[in-house]
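Observations on the model geometry
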Amino acid sequence: MSLIYLDNNATTKVAPEVLEVMLPYFKEEYANPSSIYEFAKNANHAVRDARGVIKDFLNAENEKEIIFTSCGSESANTAIQGVLNMNKNKRHIITSKVEHPCVLNLYQTLEKQGYKVDYIGVNSNGELDLAQLEEAINYDTALVSIMYANNETGVIFPIEKISEIIKSKNKETKFFVDAVQVSGKIPIDVQAAGIDLLGISGHKFHAPKGIGALYVNSKTLITPLIIGGHQERGKRAGTENVPYIVGMAKAAELAVDSLKYEASEVKRLRDKLETGILKKVFNARLNTGAANRVPNTSNIGFEYIEGELILLHLSDLGICASSGSACTSGSLEPSHVLRAMNVPFTAIHGSIRWSLSRYTTEKEIDYVLDVLPGIINKITSLSPYQEELENLKKLKGF
Ligand code: PLP
């Protein structure tokens, strides 16, 4: 078996159709889209058309609400700092404990600058505590930033409901949504969901790394993060990355076309992988229980063993997945997301995230289901927790 790529929440392969539409903008159409001569017209129109595509992708009202950025992290940083700079008299922010580091690390910096940040918790399935959120909003809350779906668990947060809660408590509070892990997986409708600002990243839906977008509704004012020229209506300086912008727009069109496929076929393969593992491997547990998730993601804990070891064995067979741990200062620190969910210590170190894409095949899933039980058995036989494992086996009726 050649490469089996089940780490699509980390990044995705560039769709061939995306690469194809990008190439002319490297070769022939290399003009700066802001130039006024005839030669720049194609580049200029390509950026304009791409903005229209992304507007439709998010169901924004107006193209002017779309800002091209370099990535999801830049979109989040622009949104958060941009809103706070425009509301200097307000010093309170609300977010969740399970956001991506591009949001959480920024909030840590802002705390040092005197902002008060409330971090809303999740339950054991990874679902947001809405009552805690509602209670936290007050007259001083400048911004609530909540991700649309979590990158490690795939759990979708009820964005429309969250927006209702925010607006019912404080109409002036702005709502930023990090939608990096939902674009291309479920439909996004910024108007229906009552979102003020929303960030996406091209490389999570088959565009290249290095391109993203930020939606800012016409009622929301922000300062730019990158100061310079007048590009992006003064909200993001820097000559537009024409080939990548064109590529992301094509990726968005392809994503819209495959949303049904994601919801049916990608989900079916994800469920097949998930139920197959839970059936075949006695020490496997689904970390998200019955939570509502994006169709491509599964987070499974393997009790009493180390995730890194599983990944290395999988890698030997050409299978790419990822673990919930980050290697920090020589020790394996469990992920902040799984810790916030109180995943039992027996499973937290052995948690693996599987993330599929529309390119994942049934044959690949069958192969993983064939080889994984053997890998887990081998690692489990070396675990120092043999007594606990025997008890678990009996408990699960294996
Ligand atoms: N937000 C979420 C939920 C993510 O999963 C990621 C990347 O993994 C990001 C933001 C950052 O995106 P980028 O890599 O484009 O900066």
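Predicted model, so just to flag it, every value in this text is computed and none were measured. (Residues numbered from 1 in each chain as written. Predicted model: local features only at pLDDT ≥ 70, side-chain atom pairs only at ≥ 80, totals over all residues. Heavy atoms only, no water.)

1. What to know about the overall build of the chain
Helix and strand counts for the chain stand at 13 helices and 15 strands. A principal-axis box enclosing the C-alpha atoms of the chain has dimensions of 70 × 50 × 40 Å. Going through the 398 residues of the chain one by one, you find that 56% of them count as buried. The long-range fraction of contacts in the chain, counting pairs at least 24 apart against all pairs at least 6 apart in sequence, stands at 72%. Charge-centre separation for the chain: the mean point of 43 positive side chains lies 1 Å from the mean point of 47 negative side chains. (Helix = DSSP H or I, 4+ residues; strand = E, 2+ residues; numbered from the N terminus. Buried < 20%, exposed > 50% of the residue type's maximum accessible area, 1.4 Å probe, protein only. Contact = heavy atoms within 4.5 Å. Lys, Arg positive; Asp, Glu negative; His and termini not counted. Charge placed at Lys NZ, Arg CZ, Asp CG, Glu CD.)

2. As for the sheet that holds strand β10 (residues 297–302)
On the basis of which strands lie adjacent, the open sheet formed by four strands has the order β9-β10-β15-β12 and antiparallel pairing. Because the sheet does not close on itself, it has two edges, and the strands there are β9 (284–286) and β12 (322–323). Across two bridges, β12 lies against strand β15 (residues 351–355) in antiparallel orientation. Of the residues in β15, the one forming a bridge with S323 is I352. Of the strands in this sheet, β9, β10 and β15 touch helix α8 (residues 259–280), which is tilted by about 10 degrees from β10. (Pairing = 2+ DSSP bridges. Axes fitted to C-alpha atoms, helices over the stretch in contact; angles between N-to-C directions.)

3. Some words on unusual backbone geometry
Here R233, not a glycine, exhibits a phi torsion of approximately 55 degrees, which is positive. One non-glycine residue with positive phi stands out, namely N342, at about 55 degrees. Mapped onto the elements of the fold, N342 is located in the loop between α10 (336–340) and α11 (345–348). Under the relative-accessibility criterion, N342 is labelled exposed at 65%.

4. Side note on the domain arrangement of the chain
For the chain, the domain assignment lists domain 1 (4–9 + 259–395) and domain 2 (16–254). If you average the C-alpha positions of domain 1 and of domain 2, the two centres end up 30 Å apart. Taken together, the contact between domain 1 and domain 2 spans 27 residues of the former and 29 residues of the latter. Roughly 2300 Å² of surface becomes buried between domain 1 and domain 2 when both sides are summed, with 55% attributable to carbon and sulfur atoms. Scanning the region where domain 1 abuts domain 2 turns up zero salt bridges. If one sorts the elements of the side of domain 1 that touches domain 2 by residue count, α10 sits on top with four residues. Classifying every residue of the side of domain 1 that touches domain 2 gives 10 nonpolar, 13 polar and four charged. (Domains from an automatic or database assignment. Buried area = accessible area lost by both parts, 1.4 Å probe. Salt bridge = Lys/Arg side-chain N within 4 Å of Asp/Glu carboxyl O. Nonpolar A, V, L, I, M, F, W, Y, C, P; charged D, E, K, R; others polar.)

5. Concerning the pattern of salt bridges
Under the counting rule described, the total for this entry stands at 17 salt bridges. The shortest N-O distance in the salt bridge between D118 and K116 comes to 2.9 Å. The salt bridge partner of D196 is K167, with a shortest N-O separation of 2.7 Å. In this pair, D196 is assigned in the loop between β6 (174–178) and β7 (197–201) and K167 in helix α6 (residues 159–169), connecting sequence segments 29 residues apart. For D196, a relative accessible area of 6% gives the class buried.

6. A short note on the site of the ligand
Inspection of the region around the ligand gives 13 residues, with S73, D178, Q181, S201 and K204 positioned closest. D178 is positioned such that a nitrogen or oxygen atom in its side chain is 2.6 Å from a nitrogen atom of the ligand. Note that an oxygen atom of the ligand is positioned 3.1 Å from one of the side-chain N or O atoms of H203. Here the ligand loses 88% of its free accessible area of 390 Å² to cover by the protein chains. Of the residues contributing to the shell around the ligand, the split by class is four nonpolar, seven polar and two charged. (Near = heavy atom within 4 Å. Polar contact = N/O pair within 3.5 Å; in protein donor to acceptor, adjacent residues only side chain to side chain. Areas by Shrake-Rupley, 256 points an atom, 1.4 Å probe, with all protein chains shown as cover.)

7. Things to note about the sheet that holds strand β2 (residues 66–69)
One open sheet accounts for seven strands, arranged β2-β8-β7-β6-β5-β3-β4; its pairing is mixed. In this open sheet, the two strands that pair with only one neighbour each are β2 and β4 (116–120). Taking each pair of neighbouring strands and ignoring which way they run, the sheet shows an average axis angle of 20 degrees. Here β7 runs beside strand β8 (residues 212–216); their pairing, made up of five bridges, is antiparallel. Paired with L198 across the strands is Y215, a residue of β8.

8. Side note on the packing of aromatic side chains
What the rule picks out here adds up to six aromatic pairs. Put simply, the rings of Y30, Y37 and F39 pair up and form one aromatic cluster. For the cation-ring pair, R91 lies above Y115, with the distance from its terminal atom to the ring centre recorded as 4.0 Å. (Phe/Tyr/Trp six-rings, centres within 6.5 Å; stacked < 30°, edge-to-face > 60°. Lys NZ or Arg CZ within 6 Å of the ring centre and 35° of its normal.)

9. Observations concerning the environment of G301
Looking at the secondary structure, you find G301 in strand β10. A C-alpha to C-alpha distance of 53 Å links G301 and K41, two positions 260 residues apart in sequence.

10. Describing the environment of L128
The topology assignment puts L128 in the loop between β4 and α5 (130–136). Under the relative-accessibility criterion, L128 is labelled buried at 10%. Linking L128 and K97, residues 31 residues apart in sequence, is a C-alpha distance of 9.2 Å. Apart from the residues lying within four places of it in its own chain, the contact partners of L128 are S96, I120, G121, V122, I146, F157 and I162.

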